[in-house]
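# Residue-level structural notes
Spelled out from the first residue to the last, the chains are:
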Amino acid sequence: MEKLTQTPLSDWNRSHGAKMVPFAGFDMPVQYTSILAEHEQTRAKAAVFDICHMGEFFLSGQGAAAALGQAVTHDLDTLAPGKCRYGFLLNPDGGVVDDLIVYCLGQDDYMLVVNGARIAVDFEAVAARLPAGLSFVDASAETAKIDLQGPLSFEVLKDRVPGDFSGLKYFNFVWTEFAGEKLMVSRTGYTGELGYELFLPAGKAVALWEALVADPRVAPAGLGARDTLRLEMGYPLYGQDLDEAHTPAEAGYGWLLASPADYVGKGKAAGIRQKLISLEVPGRRSARHGDVVCDRNGREVGVVTSASFAPSLGHAIALAYVEAAAAEAKEFRIRAARTELAAVKRALPFYKAGTARKAVGA
């Protein structure tokens, strides 16, 4: 049996009744009470998520910006200190090795936040693209990451964490201190709601977590709610909606390929053979990952990558890769386990009332 990596919060999660599952090689909470309750908590109030399985790399040294620009798709020329940006690490064929966020800590000083399942792969890939003389460190094991998400998250953060976050804009970050250690507060997130990603030394994770869950406006939420929340926004999950067989353009992110640098995979990153489309499925019955997608005439044109009942919408939704030539159709059929589901193509996000970009602290 695979030995799972514990997060700094695994003991707390178990002792507080979380249902634990293997995820990306880690021992992770899928739910504490119920997925539906935790989903609603995040949409209506605030929730905290144990995201300590994510990886954090630090790159610094003279020429780090130019070198990193050759390794990832992010346009670092326009990324100022205090800001962060979403993008991709590609293979030479333009396929997505991982999606990641790059934080500019200062001139030639960066943090990369990567998916837990790809920590080793990403570190090796980036390291191989860097010249000698730079400092490149995998600090994943020493770094904790807690996500505070929901429309009340600013008020909670203001009351529970020292610092002034009133001027913090979307995809910006600031430093403060908690329990005598440096704490990065980044205004990003994966739920579509106003939210913050909190990075601090692993040894202080439980103290910060307990300070947050002590607030009556906050409840812990697991991977189950995280998945339904992100899918309602149409955000991709690596290993399902993003992989090395598909380019960023196929996943709908061609608009992010604006970097002037000659990064690995650039020549093929805009290639499109299939397109990731978003489908609305009437009723509560959901498709599953791997279900076949057909056009209205019954011809197989693709496959479901992510699917779920959407609690905020009252019906099922899905993402699917289909042939580029079939992607402009409006109606599809999904061959589920015991039935065939009608599906209609919709524009993203499915859930349009998210608070992620709202002004706070004015």
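Source: prediction; values computed, not measured.

## Let's talk about the nonpolar core
- Ranked by internal contacts, the top residues of the largest apolar core, which has 31 residues, are Tyr196, Leu208 and Leu212.
- Looking at this core, the elements with two or more residues in it are strand 3 (46-50), strand 9 (143-149), helix 5 (153-160), strand 11 (181-186), strand 12 (195-201) and helix 6 (205-213).
- Considering every element that reaches this core, the biggest residue donor is helix 6, with 5 residues.
- Beyond its immediate chain neighbours, meaning those up to four positions away, Leu212 contacts Val48, Ile146, Leu148, Val156, Arg160, Val161, Leu198 and Val218.
- Core analysis: the second largest hydrophobic core is formed by 26 residues, Val72, Leu76, Val102 and Cys104 among them.

## Some points on the pairing of strand 7 (residues 109-114)
- In terms of burial, strand 7 is a largely internal element, 5 of the 6 residues being buried.
- Pairing geometry for strand 4 (residues 55-60) and strand 7, over 6 bridges, is antiparallel. In the strand pairing of strand 7, Glu56 is matched with Val113.
- Pairing geometry for strand 6 (residues 96-106) and strand 7, over 5 bridges, is antiparallel. Across the sheet, the residue bridging to Cys104 is Tyr110, located in strand 7.
- Following strand 6, the chain reverses through 2 residues before pairing antiparallel with strand 7; Asp108 in that reversal takes a positive phi of roughly 55°.

## Focus: the environment of Arg43
- Considering the arrangement of structural elements, one finds Arg43 in helix 2 (residues 35-44).
- With 269 residues separating them in the primary sequence, Arg43 and Ser312 have C-alpha atoms 8.2 Å apart.
- Setting aside residues no more than four positions away along its own chain, Arg43 makes contact with Pro151, Thr191, Glu193, Leu229, Glu232, Met233, Ser312 and Tyr351.
- In this structure the side chain of Arg43 is engaged in a polar contact, spanning 3.0 Å, whose partner is the side chain of Glu193.
- Reaching out from Arg43, the side chain makes a polar contact with the backbone oxygen of Leu229 at a distance of 3.3 Å.

## Section: the layout of surface pockets
- In this structure, the second largest pocket spans a volume of roughly 310 Å³.
- Forming the walls of the second largest pocket are 18 residues, and the residues nearest its centre are Asp227, Thr228, Ala307, Ser308 and Phe309.
- For the lining of the second largest pocket, the secondary-structure elements that each account for two or more residues are strand 1 (19-23), helix 2, helix 7 (223-233) and strand 16 (300-310).
- Among the elements that make up the lining of the second largest pocket, the one with the highest residue count is helix 7 (4 residues).
- Looking at the lining of the second largest pocket, its residues break down into 11 nonpolar, 5 polar and 2 charged.

About the cut-offs
- Each chain carries its own residue numbering, running from 1 in the direction its sequence is written.
- A pLDDT threshold of at least 70 governs which residues receive local features in this predicted model, and a stricter bar of 80 or more applies before side-chain atom pairs are shown or counted, although totals over entire chains, interfaces and linings include all residues.
- The side-chain figures draw on all heavy atoms in the structure; neither hydrogens nor water molecules are used.
- In this description, a nonpolar core means a group of buried Ala, Val, Leu, Ile, Met, Phe, Trp, Tyr and Cys residues linked to one another through side-chain atoms lying within 4.5 Å.
- Exposure classes here rest on a 1.4 Å probe applied to the protein chains alone. A residue is buried below 20% of its type maximum, exposed above 50%, and partly exposed in between.
- Where helices and strands are cited, they refer to DSSP runs of H or I of at least four residues and of E of at least two residues respectively, numbered from the N terminus.
- Throughout, a residue-residue contact means that at least one pair of heavy atoms, one from each residue, lies within 4.5 Å.
- Two strands pair under a simple rule: DSSP has to find at least two bridges between them.
- Any pair of nitrogen or oxygen atoms within 3.5 Å is treated as a polar contact; in protein, a donor-acceptor pairing is required on top of that, and neighbouring residues in sequence qualify only through side-chain atoms on both sides.
- A cavity here means a set of points on a 1 Å grid, drawn over the protein atoms and nothing else, where a 1.4 Å probe fits but cannot get out; a pocket is an open set with protein on both sides within 12 Å along at least five of seven lines, and a residue lines either one if it has an atom within 4 Å of a point.
- Grid points are joined across faces, edges and corners, and a volume is the space filled by probe spheres set on the points.
- Any residue outside Ala, Val, Leu, Ile, Met, Phe, Trp, Tyr, Cys, Pro, Asp, Glu, Lys and Arg is labelled polar, Gly included; the first ten of those are nonpolar and the last four are charged.

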